[in-house]
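Residue-level structure breakdown
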Amino acid sequence: SAVRNIDISWLDGMVDVIYYDGLTVKFFEASDHYLSNETMMYHHFDGSTLYIRYGREGSLTRYASDKKLTLLLPSGSVYRNFSLQAVSSSVFVDVDATYNKIRTVDGDVRYSTMASPSSINIATESGPVEVILPQSSSFKLVTATGSGKFTSDFNLKRYSGYYLYG
């Protein structure tokens, strides 16, 4: 079965999701610390969704700090759903998915796509967010910030509570 959905949950480190010139989805983790069976990445595939977790679910062992996840996607592949929840992590996501949801607490987010997704939902408690879209995109953007400011390279039309482009 082909991977149609991706669901990642990560703590303390980095997440890179990038395309490569291969035919299969690949992923690996790296750490400067010893990784036991309890602190190693956990993953499973249910026939349509690939789930990747920072460590074994239900583990009471303290997780290794500052791990890096790299997810390699076959060039040209498009996914239905992409979901990423991260804490204390910098994330770089280059994925073409119809529906995208990224949530972070204390970390940088950089999201890019070559497609025109139906939905991009990015929220962070603290840290900058950068979104890179094809210039031919059209979208509605809702943004809120507790501190900081919103800037865009697109010529957006501002309405009450949201921006429009295209």
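The present account deals with the structure reproduced in this document.

**As for the overall build of the chain**
- Assigned secondary structure in the chain consists of 0 helices and 13 strands.
- Element order for the chain, N to C, with α for helix and β for strand: β-β-β-β-β-β-β-β-β-β-β-β-β.
- For the chain, whose C-alpha radius of gyration is 17 Å, the value lies close to the compact-globule estimate of 15 Å for 166 residues.
- Looking at the chain as a whole, 39% of its 166 residues qualify as buried.
- For the chain, the share of sequence-separated contacts (at least 6 apart) that also reach a separation of at least 24 residues comes to 47%.
- Carbon and sulfur atoms make up 48% of the accessible area of the chain, which amounts to about 9,900 Å² in all.
- Mean positive and mean negative side-chain charge positions of the chain (15 and 17 charges, respectively) differ by 8 Å.

**A closer look at the nonpolar core**
- Counting 31 residues, the largest nonpolar core has Ile8, Val17, Phe82 and Val95 as the members making the most contacts within it.
- Taken together, the elements giving at least two residues each to this core come down to β1 (5-20), β4 (49-53), β5 (67-74), β6 (79-94), β7 (97-105), β8 (109-112) and β13 (162-165).
- With residues near it in sequence (within four places) discarded, Ile8 still touches Val17, Ile52, Arg53, Leu69, Leu71, Phe82, Ser83, Leu84 and Gln85.

**Remarks on the side chain of Asn100**
- Along the chain, Asn100 turns up in strand β7.
- Within the structure, the side chain of Asn100 is placed 3.0 Å from the backbone oxygen of Ala97, a separation counted as a polar contact.
- In this structure the side chain of Asn100 is engaged in a polar contact, spanning 3.3 Å, whose partner is the side chain of Tyr111.

**As for the packing of aromatic side chains**
- Within the structure shown, the criterion is met by 5 aromatic pairs.
- Centroid distance Trp10 to Tyr54: 4.9 Å. Interplanar angle 75 degrees. Geometry classified as edge-to-face. Of this pair, Trp10 sits in strand β1 while Tyr54 is found in the loop between β4 and β5, placing the two residues 44 residues apart along the sequence. Grouping residues by exposure puts Trp10 and Tyr54 together as buried.
- Members of the aromatic cluster, connected to one another through ring pairs, are Phe139, Phe154 and Tyr165.
- For the cation-ring pair, Lys67 lies above Tyr54, with the distance from its terminal atom to the ring centre recorded as 4.2 Å.
- Above the ring of Tyr162, the side-chain terminus of Lys140 is found at 4.5 Å from the ring centroid.

**A short note on the environment of Val25**
- Along the chain, Val25 turns up in the loop between β1 and β2 (26-30).
- Residue class for Val25 comes out partly exposed when judged on its relative accessible area of 24%.
- Sequence-wise, Val25 and Ser77 are 52 residues apart; in three dimensions their C-alpha atoms are separated by 9.6 Å.
- If we ignore the near neighbours within four places in the chain, the residues touching Val25 are Val3, Leu50, Leu71, Leu72, Leu73, Pro74 and Tyr79.

**Overview of the side chain of Ser89**
- Relative to the elements of secondary structure, Ser89 occurs in strand β6.
- Take Ser89: its relative accessible area is 2%, and that puts it in the buried class.
- Only 3.2 Å separates the side chain of Ser89 from the backbone nitrogen of Asp12, close enough to count as a polar contact.
- For Ser89, the side chain forms a polar contact with the main-chain nitrogen of Gly13, separated by 3.3 Å.
- Among residues more than four places away in sequence, those in contact with Ser89 are Trp10, Leu11, Asp12, Gly13, Asp106, Gly107 and Asp108.

Rules used in this analysis
Residues numbered from 1 in each chain as written. Predicted model: local features only at pLDDT ≥ 70, side-chain atom pairs only at ≥ 80, totals over all residues. Heavy atoms only, no water. Helix = DSSP H or I, 4+ residues; strand = E, 2+ residues; numbered from the N terminus. Rg over C-alpha atoms; globule rule 2.2 N^0.38 Å. Buried < 20%, exposed > 50% of the residue type's maximum accessible area, 1.4 Å probe, protein only. Contact = heavy atoms within 4.5 Å. Areas by Shrake-Rupley, 256 points an atom, 1.4 Å probe, with all protein chains shown as cover. Lys, Arg positive; Asp, Glu negative; His and termini not counted. Charge placed at Lys NZ, Arg CZ, Asp CG, Glu CD. Core = buried A, V, L, I, M, F, W, Y, C linked by side-chain atoms within 4.5 Å. Polar contact = N/O pair within 3.5 Å; in protein donor to acceptor, adjacent residues only side chain to side chain. Phe/Tyr/Trp six-rings, centres within 6.5 Å; stacked < 30°, edge-to-face > 60°. Lys NZ or Arg CZ within 6 Å of the ring centre and 35° of its normal.

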